[in-house]
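Chain and residue survey
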Amino acid sequence: MTFMRKNFDIPSLRQRLAGLNGPKYWRCLEEIAETEAFQDFLKREFPQGADQWPNPVSRRNFLKLMGASLALGGLTACTGGLPEKIVPYVDPPEAIVPGGKPLFFATAMPLGGLALGLLAESHQGRPTKLEGNPDHPASLGATNTFAQASVLELYDPDRAQIITQAGAAGNWTAFISALNGALEQQRSANGAGLRLLTETVTSPTLANQMQAVLGQFPQAQWHQYEPINRDNPRQGALMAFGRDVNPVYHFDRAEVVLSLEADFLGANPAGVRYAHDFSQKRRVRAGRPEMNRLYAIESTPTVTGAMADHHRPVRPSQVAGVILALAAAVGLNLPGAETELNDVPPAWISALANDLQAHRGSSLILAGNGQSPLAHALSHALNQELGNVGQTVVYTDPPEANPVNQGESLRELVGAMNNGQVDMLLILGANPVYNAPADLNFAEALLKVGFSVHLGLHQDETAALCQWHVPARHYLESWGDALAFDGTVTLMQPLVEPLYADSRSAQQLLAALLGQSDLTDYDIVHHYWAGQVTDGFETFWKQARHDGLIVNTALPAIAVTVDLAAVQTAAQTPPRQVSALELVFRPDPTVWDGRFANNGWLQELPKPLTKLTWDNAAFVSPATAERLGLSPEEVVELIYNGRTVQAPVWVMPGQANETVTLHLGYGREQVGRVGNGIGVNAYALRTAAAPWAGSGLQIRATGQQYRLATTQMHYNMEGRDPVRAGTLDLFKEDPQFPQHMAHEAPEISLMPQYDYDSYAWGMVVDLNVCNGCNACVAACQAENNIPIVGKEQVLVSREMHWIRVDTYFEGNLDNPTPYHQPMLCQHCEQAPCEVVCPVGATVHDHEGLNVMVYNRCIGTRYCSNNCPYKVRRYNFLQFSDQETETLKMQRNPDVTVRVRGVMEKCSYCVQRISHARIEAKKEGRRLEDGEVVTACQAACPTHAIVFGDVNDPNSRVSQLKAEPHHYGVLTELGTRPRTTYLAKLKNPNPELEG
């Protein structure tokens, strides 16, 4: 049973950590304090009442708990073939055998308007799994958590299914009639009362249609808004260059990187590519003992900050001052450089400046979206001063079809609605009633519009206030196009016929405005590109659909020069010193801006560093919690600019002092049974003037407690230190240091040695490039039909993920060093689980896999008790729906769906091994290295996971196992695990050692 967190004596926790000799890794405050509740939690292998439902169980709670994993039963309109042809990524066999080899089709997932290239796996006309498109510059064959979970969004039973008018059922014919009537009134006024609101648009087809609409209605206006936008970077570029530009970073060329609240390794539209490139400079091998160096300055701990060699928690108000001081240290004197910095000592600035100057042309400075325009302008100036432009950073035109300041655009729209200037409003995909700044009061303004239409996947908060709602098509069931982060034109093709007959794409809705309501989205996209390519169009079109992109369409680099005089003028006023509490807003790592709130996979995915599920919380630093007398899980009122919300407290090591972070995306009211009523709505405090951070926050205790479901202490290994870490210098002195950090058992055993004369499968995880992004966890869930269990079940340690990413901390309480370690079944050659199973349900096969025979398992749980790695999962309850036929549409047919009372775990994706083995056998050959790729390996943006045949001395996995810093976890027990690790290394600046 999860323990309630207490009001710790934080000074005593610091004292305990300071008194330790040698490395000490800890996972939470309870572990440091060694509370009685924590000790009891560790000793209890299975919680009391583990086989019982929480009491009471209402129908509402049951539906919420199972969510999308149980209720995918409303889909009745799915059919087989498409009327248009789609092109598979590989040539299909001459005859498709039911249940045979699946086909892969190239498509893309848009986020923030930018495309992530994907390959969608199709089983008999239904998509079940997504992989990265190796030919696409944004993915290079990898994915992120959002892409992996998006296949569940397609089958979400809470998706809007019918057209509605004022909440009542409607149809497309009635909608077109009403739309044409409203448009007729606008024609005489040239569209003066017509407004269109979209999120960020990079689609060439959609932009072309929008221009056609504006051509027919010259006085109509197109507005864009989504809560996570480029407004601050855009204003910073205007300040520095006098024009908007799009920076494209080349981390594979950078030896020294400074991240200013820029979580470039996290979940963002370019994060997969940037994580891939950054990791290229992070791999350390015996013959190449070199790596890059990362400095991170941030208010809220992120996966990027966790990878940093030097990390400084800094309040948002002080970041611009840090850059000014750094600019002065590298010789770029600007006004305000004398600003006093409380969070960063001068020696730290001096060492950083020296490091950057020593790496002119191979260093990189970047600021995050939440940083001020001045911080962005200063970053551009520093990159230019250090000779990085054209090397580690290049500038292109913006990829957006209509680059605008989205905050200002939304403000103009709200003003026009309040002034009665908007007669007709079409909202395509956006949800401003939920996520617009609170002070704009978009909902009140929307009610003043005579004719309003909303196109969206769900009957959300904005749809509820619009006259008409049209169900949107998911990207996996529609045609479209978009640009990647570098401008590469990307095509999207559907994998399944639209599940709901009334659904329409954004292109179809705009076509209806143009009097073309009978066009399909294929007609629209095809017609646009036919007009762009005059010679050999059909050949071009087939190749583009096959590849998922149009080659050589990345935006070219442009030559720009920083206007230092303009930056100096902007820096005349030094950053204001703030004494009050600062409130910080950040996108949530699992539900982003709230659009994924109804996705059960993402809600239950443990967030990096905190391992929170099913909630957000108010993050405070240990020092701030101590000063204010706050305890974990205490509910407080956050009072900001006259508005108040209540939120539970989370004491976060590494958080900037006097700063409270509240993640966006929660507090939804109308999104679906999974996401409604979960967490705190941060948008209720967000303002248009300060969308990312502001000062003047007040905190008031309520005396209440709220339980947060975190998996951080689940499956703890009771004092053992599975992660092994050192520095680059230590590796150079003693490459085998990981073996010296723990007792290694001799290779002796009473059990007979087995000779693997065929394949011997194994895995190596390179901890030095793993950033804890959780893409592997989401991919494993999608591949292996792993159900969600709900918050109540997570609270009692019943989550079912086959992979967990453990987080360990080392060092002081206020700014510790985090380490990530993916932990899955180790496939021990001498497996403790096998000898205790009374029915032989867990056995070893002839290729070294520890496999589960589900039909034999009777649920004794002896194997889990005997597993030192705590990687087995037990179906305490019937978590998977065995009755609903349409649920099978999302499931992988190659993997068994488990039932209550069965133990399950990682299988090294044995279904993929079997498929590849069969193909190789038909061709009369052995499997080649890299031919079998596990789901977690395929998804990993940094290629931290390598799988293969350890019997092949030339395989990548064998080569990694021969590295000197290779080690196994708990090998002193004689388990001989097949899953092993490369030690984690840091590359600290010698000037900052100690």
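The paragraphs below set out a description of the structure included in this document. Computed from a predicted model, the values in this text were never measured in an experiment.

What follows deals with the packing of aromatic side chains. With the rule as written, the count across this model stands at 25 aromatic pairs. A network of ring pairs unites the aromatic residues Trp479, Tyr522, Tyr528, Trp529, Phe537, Phe540 and Trp541 as a single cluster. Taking the ring centre of Trp172 as reference, the NZ or CZ of Arg504 above it sits at 4.1 Å. Between the NZ or CZ atom of Arg686 and the centre of the ring of Trp692, over which it lies, the distance is 4.6 Å.

This part is about the sheet that holds strand β36 (residues 945–949). With mixed pairing, 4 strands are arranged side by side in an open sheet as β36-β29-β38-β37. Pairing within the sheet leaves two strands with one partner each, and these edge strands are β36 and β37 (966–967). Across 4 bridges, the pairing between strand β29 (residues 761–766) and strand β38 (residues 979–982) is parallel. Each bridged residue has a counterpart across the sheet, and for Met763 the counterpart in β38 is Thr979.

Counting 175 residues, the largest nonpolar core has Phe251, Phe264, Leu326, Trp761 and Tyr908 as its most contacted members. The greatest single-element share of this core, amounting to 8 residues, is contributed by helix α11 (residues 316–329). With residues up to four places along the chain from it excluded, the contact list for Trp761 reads Glu847, Leu849, Tyr908, Ile913, Leu927, Val932, Phe947, Gly948, Asp949 and Arg978. In terms of nonpolar packing, the next biggest core, distinct from the first, is built from 32 residues, Trp172, Ala182, Trp222 and Leu510 among them.

Taking strand neighbours across the sheet as the criterion, the 7 strands line up as β6-β5-β17-β16-β15-β7-β8 in an open arrangement whose pairing is mixed. Taken across any chain shown, the strands that pair with only one partner, and hence form the sheet edges, are β6 (168–169) and β8 (221–224). Note: strand β7 (residues 194–198) against strand β15 (residues 424–428), 5 bridges, orientation parallel. By the bridge assignment, Leu197 is partnered in β15 with Ile427. Strands in contact with helix α7 (residues 204–216) are β7 and β8; relative to β8, the strand with the most contacts, it is inclined by about 145°. Sheet strands in contact with helix α17 (residues 506–513) are β7, β15 and β16 (451–456), and its direction is about 160° off that of β15.

In this section: the pattern of salt bridges. With the rule as written, the count across this model stands at 38 salt bridges. Lys732 is paired through a salt bridge with Glu290; the nearest N and O atoms lie 3.7 Å apart. In this pair, Lys732 is assigned in helix α23 (residues 728–733) and Glu290 in the loop between α9 (271–280) and β11 (293–298), connecting sequence segments 442 residues apart. Under the relative-accessibility criterion, Glu290 is labelled partly exposed at 47%. Ionic pairing is found between Asp521 and Arg473, a salt bridge with its closest N-O pair at 3.4 Å. A residue pair is termed long-range when its members are at least 10 positions apart, and Asp521 in helix α18 (residues 521–532) and Arg473 in the loop between β17 (468–471) and β18 (480–483) qualify at 48 residues. Neither Asp521 nor Arg473 differs from the other in exposure class; each is buried. Each of Arg230, Asp231, Arg234, Asp244 and Glu400 takes part in one network of salt bridges that share partners.

Rules used in this analysis
Residues numbered from 1 in each chain as written. Predicted model: local features only at pLDDT ≥ 70, side-chain atom pairs only at ≥ 80, totals over all residues. Heavy atoms only, no water. Phe/Tyr/Trp six-rings, centres within 6.5 Å; stacked < 30°, edge-to-face > 60°. Lys NZ or Arg CZ within 6 Å of the ring centre and 35° of its normal. Pairing = 2+ DSSP bridges. Helix = DSSP H or I, 4+ residues; strand = E, 2+ residues; numbered from the N terminus. Core = buried A, V, L, I, M, F, W, Y, C linked by side-chain atoms within 4.5 Å. Buried < 20%, exposed > 50% of the residue type's maximum accessible area, 1.4 Å probe, protein only. Contact = heavy atoms within 4.5 Å. Axes fitted to C-alpha atoms, helices over the stretch in contact; angles between N-to-C directions. Salt bridge = Lys/Arg side-chain N within 4 Å of Asp/Glu carboxyl O.

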